[in-house]
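Summary of the model geometry
This is what each chain is made of:
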Amino acid sequence: MKQFEKKFKVGILGGTGMVGQRFITLLDNHPWFQVTTIAASSKSAGKRYEEAVEGRWKLAAPIPEGVKDIIVHDVTEVEKVAGSVDFVFSAVDMTKEEIKAIEEEYAKTETPVVSNNSAHRWTPDVPMVVPEINIDHFDVIESQRKRLGTERGFIAVKPNCSLQGYIPAIAAWKDFEPYEMVVTTYQAISGAGKTFEDWPEMIQNIIPYIGGEEEKSEDEPLKIFGHIENGEIVKATGLDITAQCVRVPVQDGHTAACFIKFKKKPTKEELIQRLRDFKGYPQEADLPNAPNPFIQYLEDDNRPQVKLDVDYERGYGVSVGRVREDKIYDFKFIGLAHNTVRGAAGGAILCAEALADKGYITFK
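Let me begin by describing the structure that accompanies this report. Residue numbering note: each chain is counted from 1, following its sequence as written. In keeping with the model being predicted, local features are shown solely for residues with a pLDDT of at least 70 and side-chain atom pairs are shown and tallied solely at 80 or more, while totals for entire chains, interfaces and linings include all residues. Side-chain figures throughout are based on the complete set of non-hydrogen atoms in the structure, without hydrogens or water.

A short note on the overall build of the protein chain
The helix and strand tally for the protein chain stands at 11 helices and 14 strands. For the radius of gyration, the atom set is restricted to C-alpha positions; the globular benchmark scales as 2.2 Å times the number of residues to the power 0.38. Here the C-alpha radius of gyration of the protein chain, 20 Å, is about what a compact globule of 364 residues would show, namely 21 Å. Its C-alpha atoms give the protein chain principal-axis dimensions of roughly 60 × 50 × 35 Å. Only protein chains enter the accessibility calculation, which uses a 1.4 Å probe; a residue whose area is less than 20% of its type maximum is buried, one above 50% is exposed, and one in between is partly exposed. Buried positions account for 59% of the 364 residues belonging to the protein chain. Two residues qualify as a contact provided that any one of their heavy atoms is within 4.5 Å of a heavy atom in the partner residue. When contacts within the protein chain are restricted to residue pairs at least 6 apart in sequence, those whose partners lie at least 24 apart make up 77%. Across the protein chain, the centroid of the 45 positively charged side chains sits 1 Å from that of the 56 negatively charged ones. Strands here mean DSSP runs of E at least two residues long; helices mean DSSP runs of H or I at least four residues long; both are numbered from the N terminus. Charged residues are defined here as Lys and Arg on the positive side and Asp and Glu on the negative side; His and the ends of the chain fall outside this count. In plain terms, the charge of a residue is placed at NZ if it is Lys, CZ if Arg, CG if Asp and CD if Glu.

Describing the nonpolar core
Tyr106, Tyr166, Trp173, Leu275, Val323 and Phe333 are the most contacted members of the largest nonpolar core, which has 55 residues in total. Among the elements that make up this core, the one with the highest residue count is helix 6 (residues 167–172) (5 residues). Of all hydrophobic cores here, the second largest spans 51 residues; its members include Phe23, Trp32, Ile63 and Ala290. To define a nonpolar core, start from buried Ala, Val, Leu, Ile, Met, Phe, Trp, Tyr and Cys residues and group those joined through side-chain atoms within 4.5 Å.

Examining the sheet that holds strand 7 (residues 178–187)
Taken in spatial order, the 6 strands make up an open sheet running 10-7-11-14-13-12, and their pairing is mixed. Each end of this open sheet is capped by a strand with a single partner; those strands are strand 10 (240–247) and strand 12 (295–298). With strand direction ignored, the average angle separating the axes of adjacent strands in the sheet is 20°. Strands in contact with helix 7 (residues 213–224) are strand 7 and strand 10; relative to strand 10, the strand with the most contacts, it is inclined by about 145°. Whether two strands pair depends on DSSP finding at least two bridges between them. Lines are fitted to the C-alpha atoms to define the axes, a helix being fitted only along its stretch in contact, and any angle between axes, read from their N-to-C directions, falls within 0 to 180 degrees.

Digging into the pairing of strand 7
Judged from the 8 bridges that link them, strand 7 and strand 11 (residues 254–262) form a sheet pairing that is antiparallel. Within strand 11, the residue paired with Tyr186 across the bridge is Thr255. Alignment of strand 7 against strand 10, held across 8 bridges, turns out to be parallel. Looking at strand 10, one finds that Thr185 is bridged to Cys245.

Description of the sheet that holds strand 6 (residues 155–157)
An order of 3-2-1-4-5-6 is seen for the 6 strands of this open sheet, with the pairing classed as parallel. The sheet is open, and its two borders are formed by strand 3 (73–74) and strand 6, each paired with just one other strand. Sheet analysis places strand 1 (residues 8–13) next to strand 2 (residues 33–40), joined by 6 bridges and oriented parallel. Among the inter-strand pairings, Lys9 is bridged to a residue of strand 2, identified as Gln34.

Structural notes on the side chain of Gln296
Counting through the fold element by element, Gln296 comes out in strand 12. Nitrogen and oxygen atoms within 3.5 Å of one another constitute a polar contact, given that in protein one can donate a hydrogen and the other can accept it, and given that sequence-neighbouring residues count only through two side-chain atoms. Polar side-chain contacts of Gln296 include one of 2.8 Å to the side chain of Ser319. If sequence neighbours within four positions are ignored, Gln296 has contacts with Asp309, Tyr312, Val318, Ser319 and Val320.

Here we look at the side chain of Asn117
Tracing the backbone shows Asn117 in the loop between strand 5 (113–115) and helix 5 (141–148). A relative accessible area of 10% places Asn117 in the buried class. A polar contact is formed between the side chain of Asn117 and the side chain of Ser90, at a distance of 3.0 Å. Within the structure, the side chain of Asn117 is placed 3.2 Å from the side chain of Glu103, a separation counted as a polar contact. Asn117 has contacts with Ser90, Ala91, Val92, Ile99, Glu103 and Val157, leaving out every residue within four places of it along the chain.

Here we look at the pairing of strand 11
Among the 9 residues that make up strand 11, 8 are buried, leaving the element largely enclosed by the rest of the structure. The sheet contact formed by strand 11 and strand 14 (residues 331–337) spans 7 bridges and is antiparallel. Within strand 14, the residue paired with Ala257 across the bridge is Ile334.

Description of the environment of Val88
With respect to the secondary-structure elements, Val88 resides in strand 4 (residues 87–90). On a C-alpha basis, the gap between Val88 and Ile38 in space is 9.4 Å, while along the polypeptide they are 50 residues apart. Excluding residues that lie within four positions of it along the chain, Val88 makes contacts with Gly11, Leu13, Thr111, Pro112, Val113 and Val114.

Quick look at the pattern of salt bridges
When a carboxyl oxygen of Asp or Glu is within 4 Å of a side-chain nitrogen of Lys or Arg, the pair counts as a salt bridge. A complete count under the given rule lists 19 salt bridges for this structure. A salt bridge links Arg147 to Glu104; the shortest N-O distance between them is 3.1 Å. On the criterion of sequence distance, the pair formed by Arg147 in helix 5 and Glu104 in helix 4 (residues 96–108) is long-range, its members being 43 residues apart. Residue Arg147 is classed as partly exposed on the basis of its relative accessible area, which comes to 41%. Overall, the relative accessible area of 18% leaves Glu104 in the buried class. The closest approach of N and O atoms between Lys265 and Asp330, which form a salt bridge, is 3.8 Å. With Lys265 in the loop between strand 11 and helix 8 (268–277) and Asp330 in the loop between strand 13 (318–325) and strand 14, this pair connects stretches of sequence that are 65 residues apart. Its relative accessible area of 56% is what places Lys265 among the exposed residues. The structure contains a network of salt bridges with shared partners spanning Arg48, Glu50, Glu65, Lys68 and Asp69.

Here it is, written out as structure tokens:
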């Protein structure tokens, strides 16, 4: 693992919401990053962080001692917030257009922005990265900086939480040329920023619709598997995905049931071995939160399970099981990922670790 001379000063934009809280807890005692600044809406500005989240702390882990007394800034005070940090994580709760604008404002202050939000996922020169899969997309940052007129500032994003449990498997199997896929995701309520306490309607209930999730599940993988051309990321072709996304009464953990066709027919044993062997930049560079192995394959027919497997590798890893032949498609399988760790704050932290390791994030 690389060592830095000191810790990067980190700001959390939207630090009082559920994903912001997850950033706060995951960054506690991080070897490279230290949360020094928290920003949120004007309603929270001026309060101590502990006071700002009183009565709405949603995580089982307690508020870290090191952030309790941080005075929350107004997220719209861009220059003030940016001036106190080396880079920021973004989890702001605004309209998509407002998020796009404020993240660019921060980037133009020469402050890198690593975002959990969806607003910039389809901006052509913004990399949307799963670090084990498409780390090369960080190369587009050079073009983005030219557009923004920055030397140091940029925006990078992580993809949607719903695809984290199955896209790593597709990446592991790319040599077999997957070309058609059906996926149904069973998504935890924390994906909506909720707990059972504030969403009692979800107890013993299933809701067969999550706004925007199916489109993200079908389209975002194509950007992840795409390539850079003329300073923009071009979507991959040749892989068709159709998705249904269902909200289920689970607190954390998105499960995916997948059916897949390949141009080059593998055996079940080959697929499982590719999963177990699959690794990428985080593992090779020994990043602080790199899951190792990235994907665990579980032999038991009743795995993966949320209760048993959602925290695999501290929530940064992916669990796959039930790879088997199908009579309509070639194969089917089940995937599971922690939606607020790998799928949200943790995925963004892993991206930031890679960006720092590769020299895109530097000290101011």
